[in-house]
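Given next are the chains, with one letter for each unit.
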Amino acid sequence: MAYISEVMGCGGYLPAKILTNQELAQTLDTTDEWIVERTGIHRRHIADNGQLTSDLAVQAAKQALEQADLSADDIDCIIVATTTPDHPFPATAARVQSKLGASKAFAFDIQAVCSGFVYGLAVADNFIRTGQAKIVLFIGAETMSRLLDWHDRRTCILFGDGAGALLLKASSSPSSLSSGVLSTHLFSDGHHYDALYVDDTIRIDALSRGVIRMQGREIFKSAVEKIGQAVQKALDNHKLTANDIDWFVPHQANQRIIMGVCERFSIPVEKMVLTIAEHANTSAASIPLALNTAVQDGRIQKGHLVLIEAMGGGLTWGSSLIRW
Ligand code: COA
């Protein structure tokens, strides 16, 4: 029996605490105007002390379960895409499993930084396609604020905390284009390892810890080119054009990068889901947060064709087409 991964529900969670550009400008040599013009970001949400990535993930997961009308007992597999796990090990997914009480699931994390959601979707989809899991809870969750050097204006303005979740269910389908995850396309190039990286290990409570270092210009230039490659691959794979897409839901890293991709493929801005202003770059959480926003406000509806893409540290990049 051939299976496809159908989307049953989604959810999103942003911590209550908001840090605006104006607030940042009180302690950093920057301005609201500079940040908005160069990135499209207006504010970001910051996890409270003691609020961990798994806490954010659980909130998003509960919303997805409710939307899908499923219970934690139904879940076979939990995958958390994160760069900011609660601890280096065990996997944050194991904690999510315990907090949800999803006793029959197996659980693990995947790490592909800002491409984490596309990479994790590929993993989840393959578990379903091979019949190894029937219901997968897939979450992108991050506390990026814990990886920031708050004195580095080139990086700390860009990131925020949040989580988004997707519930996927195996269903048998007569045609591969009818519904669900149609395909995923993954790429990486380790030659650019040093363009975007954390310069030490994660030690949440320690005084000394790793922080993000980034060659912003290099990342910017690579992004439009590599995302373009991933988008083209997804479209070519199904003999589609950008005209066939109902919604373009990109990784929310920089509005100018997103606009560059839209221009290249002549995707009208009305089809673009843009949430970066509200939560900045939440790494693996940004696509599901944007998906959830567009589902909640009624833009994405059953049957719509959704294109997602991401690029991040590694470098890693990828795309996917989902028939909602
Ligand atoms: N506020 C004010 N000025 C700032 C600033 C800030 N927050 N950050 C940098 N600048 C200054 C720089 O110091 C530099 O000044 P100088 O010329 O006097 O040295 C000037 O602005 C230009 O810096 P540059 O880094 O070349 O700016 P940019 O136009 O490339 O914009 C980014 C910087 C980070 C917004 C942009 O490079 C970017 O978005 N890159 C991609 C980042 C990304 O998406 N990363 C995540 C990928 S998942």
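In the block above lies the structure referred to throughout.
Note that the structure is a prediction, hence the values are computed from the model and not measured.

Things to note about the packing of helix H3 (residues 53-68) against helix H4 (residues 92-100)
A pair of packed helices can be characterised by two numbers: the angle between their axes and the separation between those axes.
Alright, step 1. Interaxial distance between H3 and H4 falls to 9 Å at its minimum, and their mutual angle equals 55°. The angle between H3 and H4 falls in the class oblique. As H3 runs across H4, the sense of the crossing is right-handed. For the pair formed by H3 and H4, the contact residues are Thr-53, Ser-54, Asp-55, Ala-57, Val-58, Ala-61, Lys-62 and Leu-65 on the first element and Thr-92, Arg-95, Val-96, Lys-99 and Leu-100 on the second.
Alright, step 2. Split by residue class, the contact of H3 with H4 holds 6 nonpolar, 3 polar and 4 charged.

Overview of the nonpolar core
Alright, step 1. Counting 44 residues, the largest nonpolar core has Phe-248 and Leu-321 as its most contacted members.
Alright, step 2. Of all elements in the fold, only strand E8 (180-188), helix H6 (216-237), helix H7 (255-265), strand E12 (305-312) and strand E13 (316-323) reach the threshold of two or more residues within this core.
Alright, step 3. When residues in this core are grouped by element, the largest group, 7 residues, is from H6.
Alright, step 4. Formed by 36 residues, the second largest nonpolar core is a distinct cluster that contains Ala-81, Phe-117, Ile-128 and Trp-324.

Focus: the sheet that holds strand E7 (residues 161-172)
Alright, step 1. Here 5 strands make up an open sheet; going across it, the order is E1-E7-E6-E4-E5 and the pairing mixed. Sheet topology places strand E1 (3-13) and strand E5 (106-110) at the edges, where each strand pairs with a single neighbour. Strand-to-strand twist of the sheet, defined as the mean angle between neighbouring strand axes without regard to direction, takes the value 20°.
Alright, step 2. Both E1 and E7 contribute to a ladder of 10 bridges, which runs antiparallel. Within E7, the residue paired with Gly-12 across the bridge is Gly-164.
Alright, step 3. The strands touched by helix H9 (residues 286-296) are E1 and E7; relative to E1, the strand with the most contacts, the crossing angle is about 85°.

Some words on the pattern of salt bridges
Alright, step 1. One pass over the full model with this rule turns up 12 salt bridges.
Alright, step 2. With a closest N to O distance of 3.2 Å, Arg-213 and Asp-149 form a salt bridge. With Arg-213 in strand E10 (residues 212-214) and Asp-149 in the loop between strand E6 (135-143) and E7, this pair connects stretches of sequence that are 64 residues apart.
Alright, step 3. By relative accessible area, which is 18% here, Asp-149 ends up buried.
Alright, step 4. Here Arg-213 falls in the partly exposed class, since its relative accessible area comes to 27%.

Reading the values: rules and limits
Residues numbered from 1 in each chain as written. Predicted model: local features only at pLDDT ≥ 70, side-chain atom pairs only at ≥ 80, totals over all residues. Heavy atoms only, no water. Axes fitted to C-alpha atoms, helices over the stretch in contact; angles between N-to-C directions. Helix = DSSP H or I, 4+ residues; strand = E, 2+ residues; numbered from the N terminus. Parallel < 35°, antiparallel > 145°, perpendicular 65-115°, else oblique. Left-handed = near helix turned anticlockwise from the far one by under 90°. Contact = heavy atoms within 4.5 Å. Nonpolar A, V, L, I, M, F, W, Y, C, P; charged D, E, K, R; others polar. Core = buried A, V, L, I, M, F, W, Y, C linked by side-chain atoms within 4.5 Å. Buried < 20%, exposed > 50% of the residue type's maximum accessible area, 1.4 Å probe, protein only. Pairing = 2+ DSSP bridges. Salt bridge = Lys/Arg side-chain N within 4 Å of Asp/Glu carboxyl O.

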